[in-house]
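Descriptive analysis of the structure
Residue strings, one per chain:
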Amino acid sequence: MTEEMPVILNDKYLADFVRKDELDGIAPCIMAAAEILEKKSGQGNDFLGWLDLPTIYPKTEEYARIKETALKIQKQCDVLIVIGIGGSYLGARAALEFLKTPQYNELKKETPNIYFVGNNISADHLTNIFSLCEGKEVCVNVISKSGTTTEPAIAFRIFKEYMENRYGKEEAVKRIYCTTDKAKGTLKSLADDLGYETFVVPDDVGGRFSVLTAVGLLPLAVAGVDLDALMNGALKAYEDAKESDLQKNHCYRYAAYRNILYRKGKTVEVSCSYEPCFAMMCEWIKQLYGESEGKDGKGIYPTSAIFSTDLHSLGQYIQDGSRILFETVYHIQKTHSDVVIQHIADNFDGLNFLAGKHLQEVNDNAFMGTMLSHVEGGVPNMVLELPDVSEATLGYLIYFLEKACAISGYLLGVNPFDQPGVEGYKKNMFALLGKPGYEDLAETLTKKLS
């Protein structure tokens with residue numbers, strides 16, 4: 001990574017949708033939101049531990065222990081099962097697929113396969129994972145602050161029994177690693193009682209902001225990701241995002257444009273990339289912004305697409321559908337590899353005009369052609385230019401998006417760090433499953449369903 005800003009916001013294609021005076025007009029609001037964030041005086045200020053994380057965490061004992069434990073896990077097993085949901089798995093999986101490829105588990109490598117469970121309640125999914133563990137040495141990393149979140153708690157209950165039956169209780173303890181609260185909660189108590197090695201979900205870091213803690217870093221280190229490069233990228237973003245000139249601060253400008261477009265009725269943001277390795281990053285972005293902004297009847301709805309694939313499914317709607325969309329394109333300028341298209345004698349497909357061209361060039365032209373078409377069709381486009389697929393770039397992008405998200409939330413007038421709306425389905429599910437204490441609600445729900 002160079003000393004220049006590695007994630008650059010290209011706003012050229014917003015010219016027909018946002019005037020300069022509008023950007024100038026919102027600048028004081030952006031800076032006010034940034035000041036509230038930096039002074040930690042706004043709503044949710046007890047969940048701002050992520051803000052200074054790049055300057056603090058790499059110096060901690062736990063950070064060093066993550067690296068040591070990752071090497072131990074690599075020697076112990078062929079398969080690492082990561083149990084978690086939401087912020088407890090999305091960031092790690094997104095970073096893994098971005099840096100290593102979505103085909104990580106199918107490729108020959110010296111690091112363990114990594115499978116994510118506890119992010120659904122599907123019997124088929126869990127059964128298939130057990131099949132993939134047959135004949136393999138297994139370790140488990142369970143990630144839950146409380147230990148009682150339904151989906152991962154069920155998965156851990158099942159995998160704990162599996163590990164104890166397979167290895168015996170004493171050996172299973174050496175193969176189960178817990179990332180949880182530092183002092184309290186069901187999982188922490190169990191880990192202390194049985195002797196599992198533990199890592200901490202910081203009290204002041206919410207799940208969707210936790211990928212640069214042990215939550216994300218332990219699985220990534222097991223996969224061979226360079227944690228120092230990742231954290232150095234985040235540190236560079238931390239430094240760059242302190243720039244007070246909105247024209248030079250790409251992070252703040254991204255937050256500004258999102259809010260200007262929202263006020264113009266563009267209520268849906270499509271995060272898109274032309275690389276399949278970015279698909280899970282889109283899922284992480286959707287949680288980050290959806291859970292942070294979507295409350296009090298407000299918020300930009302986050303969705304995503306991977307092009308050119310989704311141009312053959314969603315492309316029609318984006319081009320000609322309801323004009324409520326804007327796109328944020330994550331353009332990766334240099335990928336790990338490239339392929340040259342060859343000339344063939346019979347030209348059966350009529351594509352010899354592409355002979356000698358690199359596939360990256362074709363992909364880039366698909367990106368530019370699509371963007372121009374969508375803009376002409378009335379869809380504002382922002383482009384976040386990423387120089388490469390590297391740890392440093394990803395660390396920068398993660399911090400960039402987290403800080404832009406926090407500022408966007410404050411501009412909307414909501415608390416970006418809580419998620420009160422996710423509790424509704426849990427109460428109903430517990431009642432329907434017969435959890436003690438939910439009898440009255442169960443009766444009400446049963447009547448509604450009858």
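Just so you know, these numbers come straight off a predicted model, no measurement behind them.

Rules and cut-offs
Residues numbered from 1 in each chain as written. Predicted model: local features only at pLDDT ≥ 70, side-chain atom pairs only at ≥ 80, totals over all residues. Heavy atoms only, no water. Core = buried A, V, L, I, M, F, W, Y, C linked by side-chain atoms within 4.5 Å. Buried < 20%, exposed > 50% of the residue type's maximum accessible area, 1.4 Å probe, protein only. Helix = DSSP H or I, 4+ residues; strand = E, 2+ residues; numbered from the N terminus. Contact = heavy atoms within 4.5 Å. 1 Å grid on protein atoms, 1.4 Å probe; cavity = no way out; pocket = protein on both sides within 12 Å on 5 of 7 lines; lining within 4 Å. Points joined across faces, edges and corners; volume = space filled by probe spheres on them. Nonpolar A, V, L, I, M, F, W, Y, C, P; charged D, E, K, R; others polar. Expected span 1.5 Å × (residues − 1). Salt bridge = Lys/Arg side-chain N within 4 Å of Asp/Glu carboxyl O.

Turning to the nonpolar core, a few remarks are in order. If you look at the biggest cluster of nonpolar residues, it comprises 115 residues, and the most contacted ones within it are W50, W284 and L401. Examining the composition of this core, we find that 13 residues originate from one element, helix α15 (residues 391-412), more than from any other. When neighbours within four sequence positions are excluded, W50 is seen to be in contact with L37, D204, V205, F209, Y399, E402, K403, A406 and F417. Grouped together as the second largest cluster of nonpolar side chains are 23 residues, V142, A155, F156 and C178 included.

On to the layout of surface pockets, then. Its volume calculated, the largest pocket comes out at about 1,200 Å³. I85, G87, Q287, E291 and K426 are the residues nearest the centre of the largest pocket, which is lined by 42 residues in total. Its residues assigned to classes, the lining of the largest pocket comprises 15 nonpolar, 15 polar and 12 charged. Taken as a whole, the second largest pocket encloses approximately 400 Å³ of empty space. In terms of lining, the second largest pocket is formed by 19 residues, of which the most central are E275, P276, T335, H336 and S337. Considering every element that reaches the lining of the second largest pocket, the biggest residue donor is helix α14 (residues 359-376), with 4 residues.

So, about α15. With 22 residues, α15 should cover 32 Å at 1.5 Å per step; its first-to-last C-alpha distance of 32 Å lies within 8% of that length. Across the 22 residues that make up α15, a large majority, 22, are buried. Looking at the residues trailing α15, positive phi occurs at G413, about 85°.

So, about the pattern of salt bridges. Going through the model one piece at a time under the given rule, you end up with 31 salt bridges. Here R19 and D21 are joined by a salt bridge, their closest N and O atoms 2.9 Å apart. Two residues, E22 and K264, come together in a salt bridge whose shortest N-O distance is 2.8 Å. Residue E22 is found in helix α1 (residues 20-39), and its partner K264 is found in the loop between α11 (250-263) and β7 (268-273); the two are separated by 242 residues along the sequence. For E22, a relative accessible area of 18% puts it in the buried group.

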